[in-house]
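Structural overview
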Amino acid sequence: MNTILMLMRHRSVLWMLLIINILGTIYGYIWYAEQLKTTPWYFLPFVPDSPTASLFFVFVLIAFLLERNWPLLEALAAITLFKYGIWAVAMNLLGGYVSGSLTWVNYMLIFSHLGMAIEGLLYAPFYRIKRWHLYVAAVWVIHNEMIDYLFDMEPTYSVLDMYTTQIGYYTFWLSIVSIMIVYQLTIRPSAADRLK
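As the structure is a computational prediction, the values presented were derived from the model and not from experiment.

Of the voids in this model, the largest pocket is the one considered here, and its volume is about 400 Å³. Forming the walls of the largest pocket are 25 residues, and the residues nearest its centre are Gly24, Ser50, Ser112, His113 and Met116. In terms of residue count, helix α2 (residues 11-31) provides more of the lining of the largest pocket than any other element does, eight residues in total. The residue inventory of the lining of the largest pocket, partitioned by class, reads 14 nonpolar, nine polar and two charged.

Moving on: empty space enclosed by the protein. Tallying each qualifying case throughout the model produces one cavity of 30 Å³ or more. For the largest cavity, the calculated volume is near 40 Å³. Taken together, Pro45, Phe46, Pro48, Asp49, Thr52, Ala53, Phe56, Thr80, Tyr84, Trp140 and Asn144 make up the lining of the largest cavity. Of all the secondary structure elements, the ones that give two or more residues to the lining of the largest cavity are α4 (49-65), α5 (71-99) and α7 (131-150).

Locating Ser50 in the fold gives a position in helix α4. Given a relative accessible area of 11%, Ser50 falls into the buried group. In this structure, Ser50 is in contact with Tyr32, Tyr84, His113 and Met116, ignoring residues within four places of it in sequence.

In this section: unusual backbone geometry. Positive phi, normally seen in glycine, also occurs at Glu67, with a value near 60°. Phi is positive for Asp152, which is not a glycine, with a value near 55°. Considering the arrangement of structural elements, one finds Asp152 in the loop between α7 and α8 (164-186).

Another point: the packing of aromatic side chains. Throughout the structure, instances matching the rule amount to 11 aromatic pairs. Between Phe57 and Tyr123, the ring centres sit 5.9 Å apart and the planes meet at 65°, which makes this aromatic pair edge-to-face. Of this pair, Phe57 sits in helix α4 while Tyr123 is found in the loop between α6 (104-122) and α7, placing the two residues 66 residues apart along the sequence. Overall, Phe57 belongs to the buried group, its relative accessible area being 0%. Pairing Tyr123 with Phe126 gives two aromatic rings, centres 5.7 Å apart and planes at 45°, and the pair type is tilted. For the residue pair Tyr123 and Phe126, the accessibility class agrees, reading buried in each case. Pairwise contacts between aromatic rings join Trp41, Tyr42, Phe43 and Phe151 into one cluster.

Attention now moves to the nonpolar core. The nonpolar side chains of soluble globular proteins are, as a tendency, buried together. Grouped together as the largest cluster of nonpolar side chains are 34 residues, with contacts concentrated most on Phe57, Leu61, Phe64, Ile79, Tyr123, Tyr127 and Ile129. Of all elements in the fold, only α2, α4, α5, α7 and α8 reach the threshold of two or more residues within this core. At eight residues, α4 tops the list of elements feeding residues into this core. Setting aside residues up to four positions removed in sequence, Ile79 forms contacts with Leu134, Ala137, Ala138, Val141, Ser178, Ile179 and Val182. Counting seven residues, the second-largest nonpolar core is a separate cluster that includes Trp87, Ala88, Leu160 and Leu174.

Secondary-structure assignment places Glu34 in helix α3 (residues 33-37). Spatially, the C-alpha atoms of Glu34 and Tyr123 are 33 Å apart, while their sequence positions differ by 89 residues. In this structure the side chain of Glu34 is engaged in a polar contact, spanning 2.9 Å, whose partner is the side chain of Lys37.

Scoring rules and cut-offs
Residues numbered from 1 in each chain as written. Predicted model: local features only at pLDDT ≥ 70, side-chain atom pairs only at ≥ 80, totals over all residues. Heavy atoms only, no water. 1 Å grid on protein atoms, 1.4 Å probe; cavity = no way out; pocket = protein on both sides within 12 Å on 5 of 7 lines; lining within 4 Å. Points joined across faces, edges and corners; volume = space filled by probe spheres on them. Helix = DSSP H or I, 4+ residues; strand = E, 2+ residues; numbered from the N terminus. Nonpolar A, V, L, I, M, F, W, Y, C, P; charged D, E, K, R; others polar. Buried < 20%, exposed > 50% of the residue type's maximum accessible area, 1.4 Å probe, protein only. Contact = heavy atoms within 4.5 Å. Phe/Tyr/Trp six-rings, centres within 6.5 Å; stacked < 30°, edge-to-face > 60°. Core = buried A, V, L, I, M, F, W, Y, C linked by side-chain atoms within 4.5 Å. Polar contact = N/O pair within 3.5 Å; in protein donor to acceptor, adjacent residues only side chain to side chain.

Here you go:
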């Protein structure tokens, strides 16, 4: 286990992940370009969910390369990477089910977003998140859901338009699960710690 943790913090691995996440972030913002053109300016930070999640992680990786920790960004990255990674996988699979087929783009999005969800949690042993960081990140994530589903700013998947209410409900609970997972991995003391 120590060997794996050392490998994860190796500078070449961090640089590789940084490049992948920068490229993914750029692609993500391009993917949202058309929707952003019609988005009111005050909602802009809340619309491009996945690229913003990977952007948070870009800054986490930069901090690691500088041998530092930026815990608020770690909390934002961990929660949003898992949440939007799993969300995008589910939406692509649901879209494929409704339309009757999955394209190569769907498969690319499924695997890239699954990678997002995994990487955010894999680095949990290196985060220095405190409760208040988690609270701020939780407010950001829940507020984002309100913007998406109360003000109709959710990502556009035309094939799934008829399921917006159900998707909004699922997304809210996915947010709660994501927050709880990051809490378990970074804040909750282990049984050994509680006995001290």
